[in-house]
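Coordinates in review
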Amino acid sequence: MLQDLYQEVILDHSKRPRNFHQMPDATRRVEGYNPLCGDKLALFVKLDGDTIQDISFVGAGCAISTSSASLMTETVKGKSRQEAVQMMERFHDLLTTDKPPAANLGKLAVFSGVREFPVRVKCATLAWHTLKSALTSAEEVVSTE
Amino acid sequence: MGLAIKTWQDQASREHFPLLDQRVHGKALVYLDNAATTQKPQMVLDAMNQFYQMDNSNIHRGVHELSERSTRHYEEARVKLQRFINAGDWREIIFVRGVTEGINLVAYTYGRRHVQAGDEIVISAMEHHSNIVPWQILCEEKQAILRIAPINQRGELLLDEYEKLLGPRTKLVSMVHVSNALGTINPVAEITRIAHQHGVPVFIDGAQAVAHMKVDVQALDCDFYSLSGHKMFGPTGIGVLYGKADLLNKMPPYQGGGDMIRSVSFAKTTYNDLPYKFEAGTPNIAGTIGLGAAVDYIDEIGLDRIQTYEHDLLAYGTAQLERIPGLRLIGTAREKASVLSFVLEGVHPHDVGTILDREGVAVRTGHHCAQPVLEWFGVPATTRASLAFYNTKADIDALVAGIHKVKEIFA
C-alpha cells in the first residue's frame, strides 16, 4: 500500500530532513552513492572515542532515502558504534525479512512498508551502508579541518 | 487501411499486443516506457515460436532441409532490414546485439585502425552512455580527444558550435538520431553533410528513431547507422549495424570465429566477405527472424501513420503536462519524438515512479543512461514517459491523474 510507504513521518523527514548540514569538524566524512538511481549523500560523523557524538548529512535523493538518512542521524546520535551497527542489522531485517519488527526500532519502524516495494529497499539502506563504512572502513576516512 | 486513425490504432493495441491487456496492482496497465523497450506484437512472437517449433537449425552450414530453411529465413530478415532503412546493398546490413554493440564494433575496428594520438572524435552533449563510453575507451587507448558538441536550453544541438569542432584531426562524428532522455530529433542529414564537407565519416545511433519515423540511410548519407530490435517491437539481443560497403570492407574484423572466415589454417586465415566478416559465431537466429517480423509488422501499420499519430499524441501529452503546476519538462526541442521527460517540484522522480506504478502507469525514472545531459539541465534524474503508437490519449490522461495523485501524497 502506498500509504504504508509514504507515512507522515517519512514525508515530514523528506521535506524537512533533520541534521541536514555539513560538519566542518567531523572526524569522518563518507560519501554514499547509488549509481543506479543517482542518489547521493555525504555523511559527517564526529566520534568521541567509541561514541557517535554528532552526525549530519547533505545530499539529494528520493523521499525514502532522504527520510531514512534523517531518521538514522536522529537514531544513532549518542550511540556507540556497536549499538549503531546492531541498529542497522535490525533495520535491514525490517526491510528484507518477514520477521516481526524488533521492539527497539523506535521511529525506524515507519519503514516497515518499504518491504512491499523491493526496488526501494536500496533507497532506505543507502544512508546506513554509508554509516557502516564511516564506522568501519579506515581508508575512507577523510579528516576535515 | 482507410480507417479513421483512432480505429486502426485502437485495434492495433487491443489485438496485436497481448501483453498490454493486463492489470498491475489492480489497475489497467498503461505502458509508457517504450524508450526503454517496446512491447512485441503477436506476429513477432509467432515468427520466433514458429522458428523454434519447426525450423530450428544452424545456418550457413547444413545440407539438410531445416538448415536450408533457417538460413533462408535468416537472410530474408536481412533483406527486410535493408529495405527498412533503405540501405543500397544487403551486404551492408550486419546483425549485432543492438546499438551498443554496433557502436563498439565501429570503435574497436574503424576507430582503432584510424584514430591516432591527438586525433579527435566528436559526439553531442545529449548522448546515451553507449555513445560516450566506447569512444572514451578508444580515446584513452589512443591518447585521442573526445569533443562534445553543445546543446541549448531546449535540448537542441547547436549546429554552428558543432561545425566549429570539426577540423583536420577529427576522425569520426557519432551522434544520436533521437535522444532517449529528451526526445530531441537531431538534424542528422545536416550533421552528416557538414561532417562530410570536412571529410569526416558519421555514425548515427538510431535506437530511438526507427520505431517512430522513416529512416533512409542513403538519403541521410551517413556512413554508419545502428538500430536495436527491441525498441522497434522486435526481440531483445538483436539489432543492425549498417555501414557503407567501402568502409566496412576496409575495416578489420571485430570478433574472430566461425562463419566470419573463408579458410583457416594455422599459418593464415582469410576472412569472409561482407556481411559475414562481422558475424562471428552462431548468431541470434530466432531474434533475427523476430526482427524481420517486426519490420513486416511496422510496414503493415505504416510508419507514416505512426509518425502522424504519435506527433499528435506527443503534442497532447505536452499540453496536458504543461498545465500541471510545478512540473517542468526536460527537453523541449522544436523537433521532438516520443519522449515526455519531466521533473516535479519537491518530489524526487523515484517517488513519482513508485506512485505511478501503483496506479498501473509504467514509466522510467532515473538518469536514463544519459547522466551528462541531465547534469547539464541541473537535475540528477527525471521521470520519463515515452510513447509508442499503441498508446492513446487515455494513457496520457492516466499519467496526468497519477501525477496529481503524487502531488496529493506529497502536498
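All figures in this text were calculated on a predicted structure; none of them were measured in a lab.

Turning next to the overall build of chain B. Counting its secondary structure elements, chain B contains 14 helices and 17 strands. In terms of C-alpha radius of gyration, chain B reaches 22 Å, essentially the compact-globule figure of 22 Å for 411 residues. Based on the C-alpha atoms only, the size of chain B along its principal axes is roughly 75 × 55 × 35 Å. Burial status across chain B gives 51% buried among its 411 residues. Long-range pairs, those at least 24 residues apart, make up 70% of the contacts in chain B between residues at least 6 apart in sequence.

Moving on, we come to the domain arrangement of chain B. We note that the domain assignment places domain 1 (5-31 + 302-409) and domain 2 (46-299) within chain B. Contact residues are listed per partner, giving 22 residues for domain 1 of chain B and 22 residues for domain 2 of chain B.

All names here are of chain B. Read across the sheet, four strands follow the order β13-β14-β17-β16 without closing on themselves; strand pairing throughout is antiparallel. Edge positions in the sheet fall to β13 (327-329) and β16 (364-366), since each of these pairs with one other strand and no more. Across the sheet, the mean angle from the axis of one strand to that of its neighbour is 30 degrees, orientation sign disregarded. Examined bridge by bridge, β13 and strand β14 (residues 339-344) share three bridges and lie antiparallel to one another.

Residues and elements named next belong to chain B. Strand order in the open sheet formed by seven strands is β4-β10-β9-β8-β7-β5-β6, with mixed pairing between adjacent strands. Two strands close off the open sheet at either side, each with one partner strand: β4 (93-96) and β6 (145-149). Across the sheet, the mean angle from the axis of one strand to that of its neighbour is 20 degrees, orientation sign disregarded. Sheet strands touched by helix α4 (residues 99-114): β4, β7 (170-176), β8 (202-205), β9 (224-228) and β10 (239-243). Its angle to β9, the strand with the most contacts, is close to 155 degrees.

Taken together, the contact pairs 12 residues of chain B with 12 residues of chain A. Looking at which element gives the most residues to the side of chain B that touches chain A, the answer is helix α12 (residues 349-358) of chain B, with five residues. Partitioned by chemical class, the residues of the side of chain B that touches chain A number five nonpolar, five polar and two charged.

This brings us to the pairing of strand β2 (residues 39-48) of chain A. Residue and element names in this part refer to chain A. Two strands pair when backbone bridges link them, and strand β1 (residues 28-34) and β2 are joined in this way by seven bridges, in the antiparallel orientation. The residue of β2 that forms the bridge with valine 30 is leucine 43. Between β1 and β2, which pair antiparallel in sequence order, lie four residues; one of them, glycine 38, sits at a positive phi of approximately 85 degrees. Taking the residues that link successive antiparallel strands as the turn, the β2-strand β3 (residues 51-60) hairpin has two residues, and the phi of glycine 49 there is positive, at about 60 degrees.

A separate point is the pairing of β14 of chain B. All names here are of chain B. With six of six residues buried, β14 is to be regarded as a mostly interior element. Going residue by residue along β14, you find Val339, Ser341 and Val343 tucked away on one face and Leu340, Phe342 and Leu344 tucked away on the opposite face as well. Both β14 and strand β17 (residues 382-386) contribute to a ladder of four bridges, which runs antiparallel. Considered in β17, the bridge of valine 339 is made with serine 386.

So, on to the confidence of the model for chain B. Overall, the prediction assigns chain B a mean pLDDT of 95, with 97% of residues at 70 or greater. At the level of chain-chain contacts, confidence expressed as ipTM amounts to 0.88, with global pTM at 0.93.

Here the focus is unusual backbone geometry. All names here are of chain B. Omega for the peptide link from leucine 274 to proline 275 comes to -5 degrees, which places this bond in the cis form. When you line up the elements, proline 275 lands in the loop between β12 (269-271) and α10 (285-301). Positive phi values are uncommon outside glycine, yet aspartate 221 reaches one of about 70 degrees. Relative to the assigned elements, aspartate 221 resides in the loop between α8 (217-220) and β9. Phi angles above zero are rare outside glycine, and histidine 368 is one such case at about 55 degrees.

The next point concerns the environment of alanine 211 of chain B. Residues and elements named next belong to chain B. For alanine 211, the location among the structural elements is in the loop between β8 and α8. Overall, alanine 211 belongs to the buried group, with 28 C-beta atoms counted inside 10 Å. Considering only alpha carbons, one finds alanine 211 and tryptophan 90, 121 residues apart in sequence, at a separation of 21 Å. When neighbours within four sequence positions are excluded, alanine 211 is seen to be in contact with Thr38, Lys231, Met232, Phe233 and Ala388.

Turning next to helix α4 (residues 81-96) of chain A. All names here are of chain A. When the terminal C-alpha atoms of α4 are compared, their 23 Å separation across 16 residues agrees well with the 22 Å that a helix rising 1.5 Å per residue should span. Along α4, the positions that sit buried rather than exposed are Ala84, Met87, Met88, Phe91, Leu94 and Leu95. Buried positions in α4, seen along its axis, are confined to an arc of 120 degrees and lie on one side of it. Seen from the buried face of α4, the exposed residues on the opposite side, beyond 90 degrees, are Gln82 and Glu89. Each element contacted by the buried residues of α4 is listed here: β3, α3 (63-76) and α5 (121-136).

All names here are of chain B. Residues Ile204, Val240, Tyr242, Ile289 and Ala294 are the most contacted members of the largest nonpolar core, which totals 122 residues. At nine residues, α10 tops the list of elements feeding residues into this core. In terms of domain composition, this core takes at least three residues from each of domain 1 (5-31 + 302-409) and domain 2 (46-299). Every residue in contact with valine 240, bar those within four places of it in the chain, is listed here: Leu81, Ile93, Ile94, Phe95, Val96, Ser226 and Leu227.

Turning to the environment of lysine 393 of chain B, a few remarks are in order. All names here are of chain B. Residue position: lysine 393 is located in helix α14 (residues 393-409). What makes lysine 393 partly exposed here is the crowd of 13 C-beta atoms within 10 Å. Taking C-alpha positions, lysine 393 is 9.3 Å from leucine 314, a pair spaced 79 residues apart along the chain. Excluding anything up to four places from it in sequence, lysine 393 contacts Leu313 and Tyr316.

This part covers the packing of helix α2 (residues 42-55) of chain B against α10 of chain B. Residues and elements named next belong to chain B. The contact between α2 and α10 brings their axes to 8 Å, and the two run at 145 degrees. Crossing angle aside, the handedness with which α2 passes α10 is right-handed. Residue-level contacts link Met43, Val44, Ala47, Met48, Phe51 and Tyr52 of α2 to Ile285, Ala286, Ile289, Gly290, Ala293, Ala294, Asp296 and Tyr297 of α10.

Reading guide: rules and limits
- Residues numbered from 1 in each chain as written.
- Chains lettered and ligands numbered in written order.
- Predicted model: local features only at pLDDT ≥ 70, side-chain atom pairs only at ≥ 80, totals over all residues.
- Helix = DSSP H or I, 4+ residues; strand = E, 2+ residues; numbered from the N terminus.
- Rg over C-alpha atoms; globule rule 2.2 N^0.38 Å.
- Buried ≥ 20, exposed ≤ 12 C-beta atoms within 10 Å, placed from the backbone.
- Contact = placed C-beta atoms within 7 Å.
- Domains from an automatic or database assignment.
- Pairing = 2+ DSSP bridges.
- Axes fitted to C-alpha atoms, helices over the stretch in contact; angles between N-to-C directions.
- Nonpolar A, V, L, I, M, F, W, Y, C, P; charged D, E, K, R; others polar.
- pLDDT = per-residue confidence, 0-100.
- Expected span 1.5 Å × (residues − 1).
- Arc of directions from axis to C-beta.
- Core = buried A, V, L, I, M, F, W, Y, C linked by C-beta atoms within 7 Å.
- Left-handed = near helix turned anticlockwise from the far one by under 90°.

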